Amino acid sequence: MRVKYLVLCASLSIALAITGCKTNTEQGKSSVSPVDMVASGEPEVAELTGAPKVPAPVGNRQPKKLIVNLVTTETEGIIADSIPYTFWTFNHTVPGSFIRIRVGDEVTLNLKNEASSVLPHNIDLHAVTGPGGGAAATSSVPGKETSFSFKAINPGLYVYHCAAPPVPMHIGNGMYGLILVEPEGGLPKVDREYYIMQGDFYTKASNIKKGLLEFDNDKAVAEKPDYVLFNGKKGSLLGANMIEAKVGETVRLFVGNGGPNLTSSFHVIGEIFDNVYLEGGSTISHNIQTTVVPAGGAVIVEFKCEVPGEYVLVDHALSRAFNKGAIGKLKVTGEANPKVFNAKTLSKH
Amino acid sequence: MKHFGFIAAVWMSIGLMSCSNQENNPVEEKSFADHFSGTVQNTRVNTAMAYIPGGEYKPFYGSDTSLVKVEPFLLDERPVTNGEYLDFVKSNPAWQKSNVKRIFADTAYLHNWSSDTTLPEGANADAPICNISWFAAKAYAESIGKRLPTLDEWEFVAMADATSPNARSKSEYSDRIIDLYLQKNRQFNPVKHSPPNYWGVYNMFDLIWEWTDDFNSILTTGDSRSGQYEDKSLFCAGGATSATDILNYAAFMRFALRTSLKADFTVANLGFRCARDTVVHLNK
């Protein structure tokens, strides 16, 4: 019985190995496993960006040694309509800086907790294979800096977040961001790329500072947020902050969801996603209207802009968009395309 | 022999004071500790101490059913201040910032002091001392015949609000503490400017984090047989699996801080207060 099982396993792995080789040859890529890829050269400081911007694509480059510097802060910021809220952040922004690397990169992550912080913070990167995603290794009291290194071995779009207890509070205050691990050779080229991250916020008036909102534990436990926001602020993608594209351009959105609790039903009104990297992984689905972005998860969506206009980005659990702020806009400019869409109304004379 | 007799007498007098303190009157300490100064000197030792009768309590981390016994002890009614620490380093040059051995305190030790024996510009002498390591806090305590409170002792006292010894079941208890914890730069305020708790102890939450003698015991000396205290349990959702009071976010914050500390660390909002055994304990 046991022997039979072993034989079965062995033949299966051979079959898998053959398939693996085939795939690699087909794509014309190296057959070196990510673990064995060599990151050469001197360490370079990685380019980091705040939402909605993303760093330059990795393109065709070889694996590198990279240094990612993050600072954790506790700072007042505007959550909506001039109302201040005490955010906790990575690199002063919600969401935190976008990190862009490739498979095989060796990353040294330095996490400095600002001296003026009250609390300890750390980082758990879902792109990391290892205990806690780095959380225990990076637990930093105010004023201290910690460091750990990892090798990116799985391509995909991943969430990172603070995992210091009480975790829901650290995430609820905005301590999350995205790290993109591009496959060898990089993602296919597109014309525009943007970084959007949803989060649910639970607020109450501070008893100590008038007018200031702070985290409400009871509402968080009940999962009843006051705000569901893109990029940590109501209106962060509206008005002058709309993201933009031109007719004929391809757009790629890196969409994450920090949570801490809600799952997003991400939708762009008036667009159909040509490609969706499901849950930020390697499976690409096509012709999708609304895609799920789990709390602590992410998705990559791509579409071509065919018709000018303003396209509304929402969590299609629509009370969140209509009442709680989960709304943004993509402004597409260029020539009208009546073959695809014709808004001419028939007028009676 | 003579020495022993003296110590016994002192302890007895403390014991008397302790008894009279059962109504939450802090014990006024005289120059008792001068006799225990040994190689370290401290002249200002008059911090009043509150008598804590001890008892059984449910630790924040551990199994639901196991209660921990806390013996009676004395706890400083407030944190050690800048002024007191200044006196300490004047009497003990080894703990001045330019002399301190690096293994006992990191480079941020008293970094904001204007000189070895000058407080930071604008610092309030009555504000709690911060930027000191566990080694430094321990040395200070020993210099006046005291010690640091254990984690259990500190948390036992921390259960109290103004009117009850154990307010953990009150929803506003944790909320109030979190409100305080969210305020920055509280450590620059003077001690004893807010009301005391049930035991007559001030400033447990509103100014600073505090060192405890066994601050990182949750990682190293917990009940390893049961595996309940593995350090991984403190991170991410794992922290929830071994906590007895999952809604006590304030306690999570304290434990998060403690488990991130090393004994040589000095932090801008981390100070300490001292404790001491009572006669009751010593006579056993």
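Before reading on, note that the structure itself is shown above.
Not measured: the values here are computed from a predicted model. (Residues numbered from 1 in each chain as written. Chains lettered and ligands numbered in written order. Predicted model: local features only at pLDDT ≥ 70, side-chain atom pairs only at ≥ 80, totals over all residues. Heavy atoms only, no water.)

1. Points about the environment of Pro 260 of chain A
All names here are of chain A.
Then step 1. Along the chain, Pro 260 turns up in the loop between strand E16 (250–259) and strand E17 (264–269).
Then step 2. Measuring from C-alpha to C-alpha, the distance between Pro 260 and Phe 273 comes to 26 Å, with 13 residues separating the pair along the chain.
Then step 3. The contacts of Pro 260, once residues within four sequence positions are left out, are Pro 168, Ile 171, Gly 172, Asp 200, Tyr 202 and Ala 295. (Helix = DSSP H or I, 4+ residues; strand = E, 2+ residues; numbered from the N terminus. Contact = heavy atoms within 4.5 Å.)

2. As for unusual backbone geometry
Leave glycine aside and you will find that most residues have negative phi; peptide bonds, for their part, are mostly trans.
Residues and elements named next belong to chain A.
Then step 1. In this model, Val 94 is joined to Pro 95 through a cis peptide bond whose omega is -5 degrees.
Then step 2. Here Pro 165 and Pro 166 are connected by a cis peptide whose omega angle stands at -5 degrees.
Then step 3. Of note, Pro 166 is situated in the loop between strand E9 (156–161) and helix H2 (167–172).
Then step 4. One non-glycine residue, Asp 81, lies in the positive phi region at around 45 degrees.
Then step 5. Phi at Asn 231 is positive, roughly 55 degrees, even though this residue is not glycine.

3. Some points on the packing of helix H5 (residues 171–181) of chain B against helix H8 (residues 249–259) of chain B
Residue and element names in this part refer to chain B.
Then step 1. With their axes 8 Å apart at the nearest point, H5 and H8 run at an angle of 45 degrees to one another. Our classification of the angle between H5 and H8 gives oblique. Residues Ser 174, Ile 177, Ile 178 and Tyr 181 of H5 form the contact with H8, whose participating residues are Tyr 249, Ala 250, Met 253 and Arg 254.
Then step 2. Its residues assigned to classes, the contact of H5 with H8 comprises six nonpolar, one polar and one charged. (Axes fitted to C-alpha atoms, helices over the stretch in contact; angles between N-to-C directions. Parallel < 35°, antiparallel > 145°, perpendicular 65-115°, else oblique. Nonpolar A, V, L, I, M, F, W, Y, C, P; charged D, E, K, R; others polar.)

4. Remarks on the side chain of Asn 231 of chain A
Then step 1. Position of Asn 231 of chain A among the secondary structure elements: in the loop between strand E14 (227–230) and strand E15 (243–246).
Then step 2. Sequence-distant contacts of Asn 231 of chain A, defined by excluding residues within four places in its chain, comprise Ala 51, Pro 52, Val 94, Pro 95, Tyr 195, Ile 196, Met 197, Ser 236 and Leu 237 of chain A.

5. Focus: the sheet that holds strand E1 (residues 49–52) of chain B
Residues and elements named next belong to chain B.
Then step 1. As summarised here, the arrangement of the three strands in space is E1-E4-E7, forming an open sheet in which the pairing is antiparallel. Whereas interior strands pair on both sides, the edge strands pair on one side only; in this sheet they are E1 and strand E7 (275–277). Geometrically, the sheet is characterised by an average inter-axis angle of 25 degrees between neighbouring strands, direction not taken into account. (Pairing = 2+ DSSP bridges.)

6. A few points about the interface of chain B and chain A
Then step 1. The interface of chain B with chain A comprises 29 residues on the first partner and 33 residues on the second.
Then step 2. Across the interface of chain B and chain A, roughly 2,700 Å² is buried in total on both sides, 65% from carbon and sulfur atoms.
Then step 3. The tally of links from chain B across to chain A stands at one salt bridge.
Then step 4. Taking the shortest distance from any N to any O, the salt bridge between Asp 106 of chain B and Lys 144 of chain A comes out at 2.7 Å.
Then step 5. When its residues are assigned to classes, the side of chain B that touches chain A shows 20 nonpolar, four polar and five charged. (Buried area = accessible area lost by both parts, 1.4 Å probe. Salt bridge = Lys/Arg side-chain N within 4 Å of Asp/Glu carboxyl O.)

7. Considerations on the nonpolar core
Then step 1. Counting residues in hydrophobic clusters, the biggest one holds 151 residues, and the most contacted among them are Leu 253 of chain A together with Tyr 85 and Phe 272 of chain B.
Then step 2. If one sorts the elements of this core by residue count, H8 of chain B sits on top with seven residues.
Then step 3. Dropping the residues within four chain positions of it, Leu 253 of chain A is found in contact with Tyr 194, Ile 196, Ile 243, Phe 266, Val 268, Val 299, Ile 300, Val 301, Phe 303 and Leu 313 of chain A. (Core = buried A, V, L, I, M, F, W, Y, C linked by side-chain atoms within 4.5 Å. Buried < 20%, exposed > 50% of the residue type's maximum accessible area, 1.4 Å probe, protein only.)

8. Points about the sheet that holds strand E7 (residues 124–125) of chain A
Two pairing modes exist for strands in a sheet, parallel and antiparallel, and in both the strands are linked by backbone hydrogen bonds.
Residues and elements named next belong to chain A.
Then step 1. Taking strand neighbours across the sheet as the criterion, the five strands line up as E2-E5-E10-E9-E7 in an open arrangement whose pairing is mixed. The sheet is open, and its two borders are formed by strand E2 (48–49) and E7, each paired with just one other strand.
Then step 2. Sheet analysis places E9 next to strand E10 (residues 176–182), joined by six bridges and oriented antiparallel. Within E10, the position partnered with Val 159 by the bridge is Leu 178.

9. Topic: the packing of aromatic side chains
Residue and element names in this part refer to chain B.
Then step 1. On inspection of all chains with the given rule, the structure shows 27 aromatic pairs over all chains.
Then step 2. Their ring planes at 25 degrees and their centres at 6.2 Å tell us that Phe 156 and Trp 199 sit as a pair that is stacked. Taken together, the residues span a long stretch of sequence, with Phe 156 in helix H4 (residues 151–158) and Trp 199 in the loop between H5 and strand E5 (209–210) at a distance of 43 residues.
Then step 3. The class for Phe 156 is buried, based on a relative accessible area of 6%.
Then step 4. With a relative accessible area of 7%, Trp 199 lands in the buried category.
Then step 5. In textbook terms, an aromatic cluster arises when at least three aromatic residues are bridged by ring pairs, as seen for Trp 95, Phe 104, Trp 134, Phe 135, Trp 211 and Phe 215. (Phe/Tyr/Trp six-rings, centres within 6.5 Å; stacked < 30°, edge-to-face > 60°.)

10. Concerning the pairing of strand E5 (residues 98–102) of chain A
Residues and elements named next belong to chain A.
Then step 1. With five of five residues buried, E5 is to be regarded as a mostly interior element.
Then step 2. Neither face of E5 is left uncovered, since the one carrying Phe 98, Arg 100 and Arg 102 and the one carrying Ile 99 and Ile 101 both have all their residues buried.
Then step 3. Where E2 lies against E5, two bridges are found, and the strand directions are antiparallel. Its bridge partner being in E5, Thr 49 is matched across the sheet by Phe 98.

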